[in-house]
Amino acid sequence: MNKTNEKKTNYRWMICAMLFFATTINYLDRQVLSLTWPKFIGPEFGWTNEDYGNITAWFSILYAVSMLFAGKFIDWMDTKKGFLWAIGIWSVGACLHAFCGIATSGILAGEWLVGFSEAKEIISRVGDGAMVVSVSVILFISARFVLALGEAGNFPAAIKATAEYFPKKDRAFSTSIFNSGATIGAMIAPACILYIAELWGWEATFVIIGLLGFIWMGFWNFIYRKPDRNPKVNEAELIYIRQDRQTDKTVSHEATDKKLSFVRCFRFKQTWAFAFGKFMTDGVWWFYLFWMPKYLQTVFHLEGTAQVLPLTVLYTIVMISIYGGWLPSFFIGRKGMNPYAGRMRAMLIFAFFPLLALFAQPLGGYSFWLPVVIIGIAAAAHQAWSANLFSTVGDMFPRSAIATVTGIGGMAGGLGSFFIQKGAGMLFDYTGRTNMRFLGFEGEPSGYFMIFIICAVAYLIGWAVMKSLVPKYKLINETD
């Protein structure tokens, strides 16, 4: 008996909450290095900006390559098992960072069975500083590789789970909610990580934060099932989740669930539009994430726990991005626009806010709080943009291809981030070494101003190319 008049359950929001916590842990793990390297790790190993830039650049490119295959892996393993593998691997990678110091002392001095403090003393006695830098950078890149391999699965799995549990009209909002975990992770990271590092050393931060992923895995294993097999999802909620199957004219889009091959996905302009949007903008977010602690130290002489309040305020501002999922819902529900048109209009609006980054460096002369607020608004615009960009995949591709296409876009985003991370590290060392002047700024601050300019205009360029590739809403059919 169909109880279509019964009050629907809301278990889909439990799934959304799990995706939120996974993304929060994802960004906590990702932030540990950027927060601890300026004061703790960098001085211990003698790193320069370029050394750190190389580590973050290689993380980006490894993440990009992993994303290319992670989406296909998630589609092959399916959502539950794929997510468990992803978070398990990245949690191991997070913990591995803590042992890079011991490994450095072992490689250079033959001392392997030592503690963290003993490893520091051994490294300080090594006469060849260049070897310390070289070995430590390679070891951290290796740990970042394992982290990147696992973290690449987070968004393909989360987007796939969202498509399974939410109708199209709700996907941007639900995506913005779980995607806000990136902001929450970045927001709580300074207070957690910097104080742990002060109390117990930088190694403890990687271990403690890394263990959170294993806890999440225990909950996910018991909570997640497909909607039609989940006893906590009643018939009314299942009908709500599947409402697009009744409204979409193209039955094969969601009903057949045939597999689109990896190579075949590249035939569609929709894939290239999504990938270009990610290529242009993902590196901006990662630049803010990876370099803001060093920016505050270099330009405003704030380091360690003195950065906690500014960074917390910055990422608290980013939380307004949760409303980024509401705006396209307004265009779709109230204005009658199709999902793609509604999201593209919202994304155009969001693309103008990053232009504020043009004023971050000039206004920093008055107070460091002004660039903090400006970058917070620009980063919030990115997260709102990103939530809608992710949702365009679910709008136009079959569920069986969502994780694959998301992975392709993630690869493009990681590639874009590689260029900006590598370029930033080299630029900051060059401008600092030569005292280069640019539009009234000298030394490293001039380098930050150049990067802020790139970050400001990236979204409008990305939107224009996406719109030219896919001017109108079009579902991908199995016969296309």
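Conventions and cut-offs
- Residues numbered from 1 in each chain as written.
- Predicted model: local features only at pLDDT ≥ 70, side-chain atom pairs only at ≥ 80, totals over all residues.
- Heavy atoms only, no water.
- Helix = DSSP H or I, 4+ residues; strand = E, 2+ residues; numbered from the N terminus.
- Rg over C-alpha atoms; globule rule 2.2 N^0.38 Å.
- Buried < 20%, exposed > 50% of the residue type's maximum accessible area, 1.4 Å probe, protein only.
- Contact = heavy atoms within 4.5 Å.
- Areas by Shrake-Rupley, 256 points an atom, 1.4 Å probe, with all protein chains shown as cover.
- Lys, Arg positive; Asp, Glu negative; His and termini not counted.
- Charge placed at Lys NZ, Arg CZ, Asp CG, Glu CD.
- Axes fitted to C-alpha atoms, helices over the stretch in contact; angles between N-to-C directions.
- Parallel < 35°, antiparallel > 145°, perpendicular 65-115°, else oblique.
- Left-handed = near helix turned anticlockwise from the far one by under 90°.
- Nonpolar A, V, L, I, M, F, W, Y, C, P; charged D, E, K, R; others polar.
- Salt bridge = Lys/Arg side-chain N within 4 Å of Asp/Glu carboxyl O.
- Polar contact = N/O pair within 3.5 Å; in protein donor to acceptor, adjacent residues only side chain to side chain.
- Patch = residues over 30% accessible without salt bridge, like charges linked within 9 Å, V, L, I, M, F, W, Y side chains within 5 Å.
- Expected span 1.5 Å × (residues − 1).
- Bend = angle between axes of the 7 residues up to and from the residue.
- Phe/Tyr/Trp six-rings, centres within 6.5 Å; stacked < 30°, edge-to-face > 60°.
- Lys NZ or Arg CZ within 6 Å of the ring centre and 35° of its normal.
- pLDDT = per-residue confidence, 0-100.
- Disulfide = S-S within 2.5 Å.

Caption draft 1: Quick peek at the overall build of the protein. A count of helical and extended segments in the protein gives 21 helices and two strands. A globule of 480 residues ought to have a C-alpha radius of gyration of about 23 Å, and the protein, at 23 Å, matches this closely. The dimensions of the protein, computed from C-alpha atoms along their principal axes, are 75 × 50 × 40 Å. Within the protein, the fraction of its 480 residues that count as buried is 62%. In the protein, the share of contacts with a sequence separation of at least 24, taken over all contacts with a separation of at least 6, comes to 83%. Summed over all atoms, the accessible surface of the protein reaches about 18,600 Å², with 67% contributed by carbon and sulfur. In the protein, which carries 41 positive and 31 negative side-chain charges, the distance between the mean positions of the two groups comes to 12 Å.

Caption draft 2: Representation of the packing of helix α8 (residues 168-200) against helix α19 (residues 369-396) within the structure. Between α8 and α19, whose axes approach to 8 Å, the crossing angle comes to 135°. For the element pair α8 / α19, the angle class is oblique. In this structure, α8 meets α19 at a crossing whose hand is right-handed. Seen from α8, the contacting residues are Lys168, Arg171, Ala172, Thr175, Ser176, Asn179, Ala182 and Thr183; seen from α19, they are Gln383, Ser386, Ala387, Asn388, Phe390, Ser391, Gly394 and Asp395. Within the contact of α8 with α19, the residues separate by chemical class into four nonpolar, nine polar and three charged.

Caption draft 3: Broad picture of the pattern of salt bridges. Scanning the entire structure with this criterion turns up eleven salt bridges. In this structure, Glu442 and Arg437 form a salt bridge, with 3.0 Å as the shortest nitrogen-oxygen distance. What makes Glu442 partly exposed here is its relative accessible area of 41%. Assessed through its relative accessible area of 56%, Arg437 is described here as exposed.

Caption draft 4: How the structure looks around the environment of Trp47. Inspection of the secondary structure puts Trp47 in the loop between α1 (11-45) and α2 (49-77). Judged by relative accessible area, which is 8%, Trp47 ranks as buried. Residues Trp47 and Ser136, spaced 89 residues apart in sequence, show a C-alpha to C-alpha distance of 9.0 Å. Setting aside anything within four residues of it in sequence, one finds Trp47 in contact with Leu33, Trp37, Ile41, Gly42, Ile55, Val133, Ser136, Val137 and Phe140. A distance of 3.0 Å separates polar atoms of two side chains, one belonging to Trp47 and the other to Ser136.

Caption draft 5: The arrangement of a nonpolar patch on the surface in detail. Together, Ile349, Phe353, Leu356, Phe359, Leu363, Tyr366 and Leu370 make up an exposed nonpolar region whose accessible area comes to about 660 Å². Here Phe359 shows up in the loop between α17 (339-352) and α18 (360-363).

Caption draft 6: Just unusual backbone geometry, in detail. At Asp78, a residue that is not glycine, the phi angle is positive and equals roughly 75°. With respect to the secondary-structure elements, Asp78 resides in the loop between α2 and α3 (79-96). Of note in this structure, Leu439 is not a glycine but carries a positive phi near 50°. Structurally, Leu439 is set in the loop between β1 (437-438) and β2 (441-442). Take Leu439: its relative accessible area is 60%, and that puts it in the exposed class.

Caption draft 7: Examining helix α21 (residues 444-469) more closely. A rise of 1.5 Å per residue sets the reference length of α21, with its 26 residues, at 38 Å; its end C-alpha atoms lie 38 Å apart and thus fit the reference within 8%. When the local axis directions of α21 are compared, the greatest deviation, roughly 35°, occurs at Ala458.

Caption draft 8: Spatial organisation of α19. The end-to-end C-alpha separation of α19 is 41 Å, in line with the 40 Å expected for 28 residues at 1.5 Å each. In terms of burial, α19 is largely enclosed, as 24 of its 28 residues are buried.

Caption draft 9: Molecular detail of the environment of Ile193. Turning to its location among the elements, Ile193 is positioned in helix α8. The sequence separation of Ile193 and Val308 amounts to 115 residues, and the corresponding C-alpha distance is 9.5 Å.

Caption draft 10: Layout of the packing of aromatic side chains. In this structure the tally under the stated criterion is 47 aromatic pairs. An aromatic cluster of at least three residues, connected via ring pairs, comprises Trp37, Tyr52, Phe287, Tyr288, Trp291, Tyr295, Phe300, Phe368, Trp369, Phe428, Tyr448 and Phe452. For the cation-ring pair, Lys8 lies above Tyr240, with the distance from its terminal atom to the ring centre recorded as 4.7 Å. Directly above the ring of Tyr63 sits Arg30, whose terminal nitrogen or CZ lies 5.0 Å from the centroid.

Caption draft 11: Quick look at the side chain of Ser174. Mapping Ser174 onto the fold places it in helix α8. Using a relative accessible area of 0% as the deciding quantity, one classes Ser174 as buried.

Caption draft 12: Representation of the packing of α3 against helix α6 (residues 129-151) within the structure. It is at 7 Å that the axes of α3 and α6 come closest, and there the two elements cross at 160°. Considering their axes alone, α3 and α6 lie roughly antiparallel with respect to each other. Considering the relative orientation of α3 and α6, their crossing is left-handed. For the pair α3 and α6, contact is made by Ala86, Ile89, Trp90, Gly93, Ala94 and Leu96 and by Ala143, Val146, Leu147, Leu149, Gly150 and Glu151, respectively. Here the residues of the contact of α3 with α6 are counted per class, giving nine nonpolar, two polar and one charged.

Caption draft 13: Expanded view of the confidence of the model for the protein. Of the residues in the protein, 95% reach a pLDDT of 70 or more, and the chain-wide mean stands at 86. The low-confidence segment residues 249-257 (pLDDT under 50) makes 23 contacts with residues lying over four places distant or belonging to another chain.

Caption draft 14: Region of the structure containing the side chain of Glu237. By the secondary structure assignment, Glu237 is in helix α10 (residues 235-241). In contact with Glu237, not counting residues within four places along its chain, are Lys8, Thr9, Asn10, Tyr11, Arg12 and Lys232.

Caption draft 15: Representation of the state of the cysteines. For the structure on display, the rule yields zero disulfides. For Cys192, which is in no disulfide, the shortest distance to another cysteine sulfur is to Cys95 and amounts to 16 Å.

Caption draft 16: Examining the environment of Met450 more closely. Checked against the element boundaries, Met450 lands in helix α21. Those residues in contact with Met450, other than ones at most four positions away along the chain, are Leu427, Met436 and Phe438.

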